[in-house]
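Residues per chain are reported as follows:
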Amino acid sequence: MSTGIPETKQLTTLQALALILCFMIGAELFILPRETISKVSTADAWISVVLGGIFSFCTAWIIILLGQRYPHFTFYEYVQQITGKLIGKCIGLVVVLYYIHLASYELRSMEEMASFFLLEGTPGWAILAWFVWISLYLCMEGISTIGRLCQIIIPISITVLILIYILGSTAFDMNNLRPLVAKGWTPIMKGIPSTTLAFSGSECFLFILSRMQAPKKAAKVMSWGIGLAVIFYTSAVIICIGVFSLDGVLTRTWPFFDLARSVEFEDLLLERFESLLLAIWVLQIFSTFTIIFYSAALGVSQIFNLSYRISMFLILPFICLISQLPKDINEVFALGAYMGKANLVLFSCLPVLLLLISRWRVNSP
Amino acid sequence: MLACAVASHFTLAGEFSMKSWKRCLRYSCMITCYFLLAGCWSSSPIEERNLEAGIALDAVPQQTETSAEETDQQPPKKQIRRTVQFILPEEGSSSGSPSLGNKFYNEEELGDSIMEMTRESYLSNQSPAGFHLKTIVISSELLQKVPLQELLDFYLADNDIRLSILLLTSTGTASDVFKEMKSGKTPAFMLKDLFDNRSHTNRLVKPVTLAKVIGPLKSRSSFVVPNVIRIRDGITLSGAGVIRGETQKYAGYLNKMDVEGLQWITGDLTGGIVKGTDSRSQRDFVYEIKSAKSNIQAHVNKNDISFHVKISSVGRLSESFVSDTNKMKDQTLREEADVVQVKIKELAQQTVSKMKKMRVEVAHMGQALRIQHPDMWEQVKDHWDQVFATVPVTFEVKVDIEDFGASTMTTN
């Protein structure tokens, strides 16, 4: 394979964990509380998030089982072995298309929020250009460099997030979360699909498992990654409901960001804490975007036997173009909801199918 | 160091080879980047900005019929008067002792849309900035005409305005609140600090930030907002305004005593006093609240709702005019506590009857019903304010006087 990626550089276990967390905590964090509550419409929305996390844990488990059968190949390579070249390439292409759209979604979400809250007056292309070029530069070096970057970003993000949670809890009202499970479990179940996009990222084992120094530890890394993500997402939803009340969250476009804007601490170094949150959030999206970009470029290079660098330059224009397609912010959110559904099909149903076929093919001859 | 490197290239590499030309280009690119990156796309010096500190919204008295006819055209329905308090950062710091009045200035604007008025002020003001806004005061007169949702919609959607802004009502003229005070303080900022005093008084409701009104506005439930009025040389927080959930307009005013009762019911107390009268000597004494708790129990019997509120408090006998009493006797403390108990019960009952008269419920009783009997709540939540008027509320108050300070003596 002419992938052009230095194979000697590999991911340490810690880097893999950071990578997964970076991939998971992306654009969805800011809108997840609203998305879930609008589906659940009771204060139990946070239970949906926990259940959604457990669900994604199961799918990630299957992905790891699948990946460990082919420890030296990435998804795009072994899918061709499982289903045959033609079908395998088609499946690979669909995954690449998914990632191109997901990258566009992340890019556009970042642009929308950064231009509204942070860089009012800066044209959209200026925000995008820096973001995209730096990401391209980073991607050039392959997954181990991205992993190292994530390792730097994650501790900063976690610190700021925890600070936001602590600050938010000062305006927290427990009564907004009560009563627990008053309307039964049906609304809670309805909310689970809305969390799939938030937990998308666990599927990156499809690509990084073969690059890990210790592929056997993948399951451990995955448990930690999803566990931490569940904690962050669930507490975000709980605190948003506690501060704004159930009805209040529904009226906020970016509930989690508004959380940081609703508390004020004069004693603290930063009275307006949201600027810090926005800064790390851009970092977070940057890392998510970079991993998605890497996954898509890897796919193109392995499906069409192109050089990895060329495929990066090939798909970048598409990502930028698609990111500008949604006409307004409602279409951006609609794209997000659509991506969530696509994720459900691609990375929950497909791996099960592939695992079954690969087992059957091994046993049958 | 970088400049040296560039210079050395110009001197040493006399002949312009392709390689050194490339290097030169690279360095000059880097230097340009340094300058560009250190700059800011949309910078604006803070001295030139006018920072908004507070906003007061008032009603405009209706114009007479004649003036409307004179213009022949349909006059714009200018019904809101917006007063903005701007702070002057540079003068406050440059002059050693800031003299009265130059810390801020107020500006007025008429209109019917908040956003329109905000943009209107750009015509007379260099660059007003809203991101340091601290307080919004709305007059009760305006709130009787315009729903709160309409007045706040702009502030809830704007990107500069934080949701931590305090919301207050004023039974007087809201713009008067922002006028100069004898103490020389900036009213918009002072209002915020006044709420730190909640640990010393029970006549002040919890501060209401924009973040806290979003929920009630959406679910259309009634709530209270602290009330501020102008007194001779300053401002004072007095009572609370009630916003009716259904209409989102002003429902009425709770005076200081009502607020006390309300806080006893909700248990949102962190301090304050209760004045009682000794039953035997008819002399007054003051009970200081150390802690207070309340537990609202909702009971549903078939279709009948009733509430039982358990209030408990622990405190100190801080001031007593009762002569010849022995504070060191348990019996005495028990008797005084009983008096306080009755007093608190009276306060709470008075507030409940006031709420019923106003046809609102702002004491979190609907919340108690929602949590304890979710099915019943679903039935009544759309007209809860009306339903509440017929619901019986009973109280059970328990007060313990723990100590009496450093003096065992009473005035004699």
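What you see is a predicted model; the values in this text were computed from it and never measured. Just so you know, the residues in each chain are numbered from 1, in the order the chain's sequence is written. As they are written, the chains are lettered A onward and the ligands numbered 1 onward, keeping that order. Side-chain atom pairs in this predicted model are given and counted only at pLDDT of 80 or more, local residue features only at pLDDT of at least 70, and totals for whole chains, interfaces and linings cover all residues.

K.L.:
Now, about the overall build of chain A: what can you tell me, with residues and values included?
P.N.:
On a plain count of helices and strands, chain A comes out with 15 helices and zero strands. Radius of gyration (C-alpha) of chain A: 20 Å, near the 21 Å computed for a compact globule of 365 residues. In terms of principal-axis extent, the alpha carbons of chain A reach across some 65 × 50 × 40 Å. When burial is assessed residue by residue, chain A has 52% of its 365 residues classed as buried. In chain A, of all internal contacts separated by at least 6 residues, the share reaching a separation of at least 24 is 84%. Secondary structure elements are taken from DSSP: a helix is a run of H or I of four residues or more, a strand is a run of E of two residues or more, and numbering for both begins at the N terminus. With C-alpha atoms as the basis for the radius of gyration, the globule rule is written as 2.2 Å multiplied by the number of residues raised to the power 0.38. For every residue, the other C-beta atoms within 10 Å of its own C-beta are counted; 20 or more classify it as buried, 12 or fewer as exposed, and values in between as partly exposed. C-beta atoms are placed from the backbone. The contact criterion used here is simple: two residues whose C-beta atoms, placed from the backbone, lie within 7 Å are in contact.

K.L.:
Which residues make up the interface of chain A and chain B, and what values go with them?
P.N.:
On the side of chain B, 15 residues touch chain A, which itself brings 23 residues to the contact. The set of elements that each furnish at least two residues to the side of chain A that touches chain B consists of α5 (85-118), α11 (218-250) and α12 (255-262) of chain A. In terms of residue count, α11(A) provides more of the side of chain A that touches chain B than any other element does, six residues in total. Of the residues assigned to the side of chain A that touches chain B, the class counts are nine nonpolar, seven polar and seven charged. Residue classes follow a fixed rule: Ala, Val, Leu, Ile, Met, Phe, Trp, Tyr, Cys and Pro count as nonpolar, while Asp, Glu, Lys and Arg count as charged, and any other residue, Gly among them, counts as polar.

K.L.:
Describe in detail the domain arrangement of chain B, supporting the description with residues and values.
P.N.:
All names here are of chain B. Marked domain ranges trace back to an automatic or database domain assignment. Here the domain parsing of chain B yields domain 1 (2-38), domain 2 (46-62 + 76-254) and domain 3 (264-403). Computed from C-alpha atoms alone, the centre-to-centre distance between domain 2 and domain 3 is 32 Å. Of all the secondary-structure elements, those providing two or more residues to the side of domain 2 that touches domain 3 are β7 (223-231) and β9 (250-254). It is β9 that contributes the most residues to the side of domain 2 that touches domain 3, three residues altogether. Of the residues contributing to the side of domain 2 that touches domain 3, the split by class is five nonpolar, eight polar and five charged.

K.L.:
Please set out the confidence of the model for chain B residue by residue, giving values where relevant.
P.N.:
Residues and elements named next belong to chain B. Predicted confidence across chain B gives a mean pLDDT of 85, with 87% of residues reaching 70 or more. Along the chain, pLDDT gives the predictor's confidence residue by residue, from 0 to 100. A low-confidence stretch, residues 65-70 (pLDDT under 50), is modelled with two contacts involving residues beyond four sequence positions or located in other chains. Between residues 91-101, whose pLDDT stays under 50, and residues either more than four places distant or in other chains, the model counts seven contacts. Per the prediction output, this complex has pTM 0.86; the corresponding ipTM is 0.82.

K.L.:
Quick rundown of the pairing of strand β8 (residues 234-243) of chain B? Include the residues and the values.
P.N.:
Looking along a regular strand, one sees side chains alternate from face to face of the sheet. Residue and element names in this part refer to chain B. Burial analysis of β8 places seven of its ten residues in the buried class, the great majority of the element. We treat two strands as partners when DSSP finds at least two bridges between them. Here β7 runs beside β8; their pairing, made up of eight bridges, is antiparallel. Bridge pairing in β8 links F223 to I243. The antiparallel hairpin formed by β7 and β8 contains two residues in its connecting segment. Pairing geometry for β8 and β9, over four bridges, is antiparallel. What sits directly across from A240, in β9, is L254. Connecting the antiparallel pair β8 and β9 is a turn made up of six residues, with Q248 showing a positive phi of about 60 degrees.

K.L.:
How would you summarise helix α1 (residues 13-24) of chain A if you had to cite specific residues and measurements?
P.N.:
Residue and element names in this part refer to chain A. Taking 1.5 Å of rise per residue, twelve residues should cover 16 Å, and α1 covers 17 Å from first to last C-alpha, within 8% of that figure. Counting buried residues along α1, ten of its twelve residues qualify, which places the element largely inside the surrounding structure. Buried within α1 are the following residues: Q15, A16, L17, A18, L19, I20, L21, C22, F23 and M24. Lining the buried residues of α1 we find α7 (143-168), α9 (196-199), α10 (205-208), α11 and α13 (274-303). Expected helix span is taken as 1.5 Å per residue step, with the number of steps being one fewer than the number of residues.

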